[in-house]
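# Close look at the chain arrangement
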Amino acid sequence: MMTLNRPVAPLARLAIGSRAMLSTASYSPLESGPGMSMPPGFDTKKAQLTRLSPSSPKAPSRVSSLGKTMPPGFKAHVAELGTFVLPDRVTGSVGDRALGKALVDAWRRDGIIQFAMSEHQRKLWADAYAASRRFFKKPHAEKAACVDSQSYAGYIASGEEVTDGIADYSEIFTITKDLDMAEPRVRAKWPCHGPCPWPDIEMKEPMERYNENLGAEGEKLLQLTELGLGVEPGSLTKYTRDGWHHTRVLRFPPRNATNGKGKEGRGIGSHTDYGLFVIAAQDDVGGLFIRRPHEEEKFANWEKSAAGLKEDADDWYYVPPVDGVHTVILGDMMQYLTRNYLTATPHKVGLNTKERFAYAYFHEPSFQAVLKPLEGGCGGMMQDKSERAANGIHYGTHFTNMFMRNYPDRITTKRLVAEDRYRLLEQPELRTMN
Ligand SMILES: O=C(O)CCC(=O)C(=O)O
Ligand SMILES: [Fe+2]
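All residue numbers refer to positions counted from 1 along the written sequence of the respective chain. Each chain is given a letter, starting from A, and each ligand a number, starting from 1, according to the order in which they appear as written. Local features in a predicted model are, by the rule used here, given only for residues with pLDDT of at least 70; side-chain atom pairs are given and counted only at 80 or more, and totals for whole chains, interfaces and linings are based on all residues. Values reported for side chains reflect all heavy atoms of the structure, with hydrogen atoms and water molecules removed beforehand.

Turning to the pairing of strand E11 (residues 277-282), a few remarks are in order. Burial of E11 is extensive: 6 of the 6 residues sit out of reach of the surface. Only protein chains enter the accessibility calculation, which uses a 1.4 Å probe. A residue is then buried if its area is under 20% of the maximum for its type, exposed if over 50%, and partly exposed in between. Going along the chain from the N terminus, every DSSP run of H or I of four or more residues is numbered as a helix, and every run of E of two or more is numbered as a strand. Of the two faces of E11, both are covered, the one formed by Phe277, Ile279 and Ala281 as well as the one formed by Val278, Ala280 and Gln282. Examined bridge by bridge, E11 and strand E14 (residues 325-330) share 4 bridges and lie antiparallel to one another. Across the sheet, isoleucine 279 pairs through a bridge with valine 328, a residue of E14. By definition, two strands form a pair when at least two bridges between them are found by DSSP. Relative to strand E16 (residues 356-363), E11 runs antiparallel, the two sharing 6 bridges. Directly across from alanine 281, in E16, lies its bridge partner tyrosine 359.

With 8 of its 8 residues buried, E16 lies for the most part within the structure. Because side chains alternate across E16, one face comprises the buried residues Arg356, Ala358, Ala360 and Phe362, and the other comprises Phe357, Tyr359, Tyr361 and His363, equally buried. As judged from the 7 bridges shared by strand E9 (residues 246-252) and E16, these two strands associate in the antiparallel manner. Paired with histidine 246 across the two strands is phenylalanine 362, which belongs to E16.

Around the iron ion (ligand 2), the donor atoms from the protein are His271 (NE2), Asp273 (OD) and His347 (NE2), and they sit 2.1 to 2.2 Å away. Coordination here is defined by N, O and S atoms within 2.8 Å of the metal (3.2 Å for Na, K and Ca), and since water is not considered, a site can look incomplete. Read in sequence order, the donor residues for the iron ion (ligand 2) give the motif H-x1-D-x73-H. Here histidine 271 is found in strand E10 (residues 266-271), whereas its partner histidine 347 is found in strand E15 (residues 347-350), with 76 residues between them in sequence. Just as histidine 271 is buried, histidine 347 falls in that class too.

A few words now on the side chain of threonine 174. Looking at where threonine 174 falls in the secondary structure, it is placed in strand E8 (residues 171-175). A relative accessible area of 0% means that threonine 174 is categorised as buried. Contacts are residue-level and defined by heavy atoms, with any inter-residue pair within 4.5 Å sufficient. Not counting chain neighbours up to four residues away, the residues in contact with threonine 174 comprise Tyr152, Ala153, Gly154, Ile156, Cys196, Thr247, Arg248 and Phe403.

The next thing to look at is the site of ligand 1. In the vicinity of ligand 1, the contacting residues are Arg248, Leu250, Phe252, Ile268, His271, Asp273, Leu288, His347, Val349, Arg356, Ala358 and Phe362. Polar contact criterion, stated in full: a pair of N or O atoms within 3.5 Å, where within protein one must be able to donate a hydrogen and the other to accept it, and residues adjacent in sequence count only if both atoms are side-chain atoms. Take histidine 347: an N or O atom from its side chain is 3.0 Å from an oxygen atom of ligand 1. Look at ligand 1: alone it shows 290 Å² of surface, and the protein chains cover 95% of it. Among the elements of the structure, E9, E10, E15 and E16 are those that each provide at least two residues to the shell around ligand 1. Only Asp, Glu, Lys and Arg are considered charged in this grouping, and only Ala, Val, Leu, Ile, Met, Phe, Trp, Tyr, Cys and Pro are considered nonpolar; every other residue, Gly among them, is considered polar. Counted by class, the shell around ligand 1 contains 7 nonpolar, 2 polar and 3 charged residues. Nearness of a residue to a molecule or strand requires only that one of the residue's heavy atoms be within 4 Å of it. We get accessible surface area from the Shrake-Rupley algorithm with a probe of 1.4 Å; when it comes to residues, only the shown protein chains can shield them.

As a further point, take the sheet that holds E10. Strand order in the open sheet formed by 5 strands is E3-E13-E12-E15-E10, and the pairing between neighbours is mixed. The open sheet is flanked by strand E3 (76-78) and E10, the only strands paired with a single partner. The sheet shows a mean angle of 30° between the axes of neighbouring strands, direction not considered. Strand direction decides the pairing type here: strand E12 (residues 288-290) and E15, joined by 3 bridges, are antiparallel. The angle between two axes is taken between their N-to-C directions and runs from 0 to 180 degrees, where each axis is a line fitted to C-alpha atoms and a helix contributes only its stretch in contact.

All right, on to unusual backbone geometry then. Positive phi, close to 55°, is recorded for aspartate 242, a residue that is not glycine. The topology assignment puts aspartate 242 in the loop between helix H6 (201-229) and E9. Here aspartate 242 falls in the partly exposed class, since its relative accessible area comes to 38%. With phi around 50°, arginine 339 is a residue other than glycine that occupies positive phi space. Looking at the element boundaries, arginine 339 is found in the loop between helix H7 (332-337) and E15.

Here the expected span of a helix is defined as 1.5 Å times the quantity of residues minus one. Its 17 residues give helix H2 (residues 94-110) an end-to-end C-alpha distance of 24 Å, which sits within 8% of 24 Å, the value for a rise of 1.5 Å per residue. Buried within H2 we find Gly95, Asp96, Ala98, Leu99, Gly100, Ala102, Leu103, Val104, Ala106, Trp107 and Asp110. In the core, the buried residues of H2 are packed alongside strand E4 (112-116), H6, E11, E12 and E14. Immediately downstream of H2, the backbone of glycine 111 shows phi near 80°, a positive value.

To continue, consider helix H10 (residues 411-418). By the burial criterion, the buried members of H10 are Thr412, Thr413 and Leu416. The arc that holds every buried residue of H10, seen down its axis, measures 100°, which confines them to one face. More than 90 degrees from the buried face of H10, the exposed residues found are Lys414 and Ala418. Its buried side turned inward, H10 meets helix H9 (395-406). Note that the arc is computed from the directions linking the helix axis to the C-beta atoms.

The subject of this paragraph is the packing of aromatic side chains. The rule is short: rings of Phe, Tyr and Trp, with Trp giving its six-membered ring, pair when the centres are within 6.5 Å, and they are stacked under 30 degrees, edge-to-face over 60, tilted in between. Scanning all chains against the criterion turns up 23 aromatic pairs. When the ring of tryptophan 302 is compared with that of tyrosine 336, the centres are 5.5 Å apart and the planes differ by 80°; the resulting orientation is edge-to-face. Separated by 34 residues along the polypeptide, tryptophan 302 in the loop between E12 and strand E13 (316-318) and tyrosine 336 in helix H7 bring together distant segments of the chain. Tyrosine 336 sits in the buried class, given a relative accessible area of 4%. Ring centres of phenylalanine 403 and tyrosine 407 lie 5.7 Å apart, and the angle between their planes is 55°; on these two criteria the pair is classed as tilted. By relative accessible area, phenylalanine 403 is classed as buried at 2%. Classification of tyrosine 407 as buried rests on a relative accessible area of 2%. The structure contains a cluster of three or more aromatic residues connected by ring pairs, namely Trp125, Tyr129, Phe135, Phe136, Tyr155, Phe173, Trp198, Tyr210, Phe357 and Tyr359.

Just geometry here; none of it tells us what the structure is for.
As structure tokens, then:
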């Protein structure tokens, strides 16, 4: 794997294969190959030069093969990312600060970062992947029985989810906070609160183990982000006490074996996710595309749907599968908190020639959190002095809005509406963190 090495960020350690080196995440030149072509009018030479800092030692010498897995029929650049290594603990050391800054810079430049899985995480992902394959192989009726009328956890059939008015082909098992019927918030009929309808222990145990680990990773990333932004420690992590973290375990059918409910070749339409970060793992098939931050591309998904944004444009970046890494993209709440200094990463999924499995863990604020934009940090660059930016956002309302929008026909949405649960979101106890 070839990476552009920049002489920056002294302590942003990168592991490439077995070698560790110093650099930040970066993009390689584009690549042409089967099923790929250059976007019209794109000048590779210029692109390479603009991605290198003036003092970069040399331009890349060969074109990567990572783009070979890109789903057919898509035009996109290939994102070749360096791989960060996260420390076991964040202490606020000089090294942590440098790493935090490098992460923030990479998100601002690329919209995505990639970090190495530990040996333990490789095992957790392998077990979750095996459980996912096992689950999705089950007969339809068995999978379809995994629903709950109070939570959005459970099975979503291919063609059931809607993004920007078009059915997605992803088949999903969603995991939300698993709360039994006696739990006070479930008894009080809080929207989206209820049990997770696990099919069996073989699915539950590995997924819970993996999620717990990713939860700790998410907290570490938040602490590093605080350091990178130069805001008070706790400015972000105060929102994730009892965070409304959730997971989407995903399977995508091959492009020639769909049920015809969606659009040819489209797995999930262009969208942004809702919270702080999405930490994701994918198998070796390939299908994920992202957009880099663009000054002129303005969106705020919590106000007006960003779904469908530039879906058919040519300037997407394909995120090739790399063994042993997690990727991290940003969500709506990170954009809101930083007043657009960090923006949510628009992304979409294409269908490949083979079925594809992926795992997306969403590190989120508490359902009850009312978020306010961060103060200070980044030399005053986090600016949006509008009243709108100062009002605060109730994360639970944003989450509920998004799930009602994605699953208009699901039993959970119907019950929420029939029982007028939505109005509870205004109550003070749903807006006060414990
Ligand atoms: O399949 C992927 O890699 C990403 C899935 C995704 O965007 C989502 O579940 O929201
Ligand atoms: Fe997503």
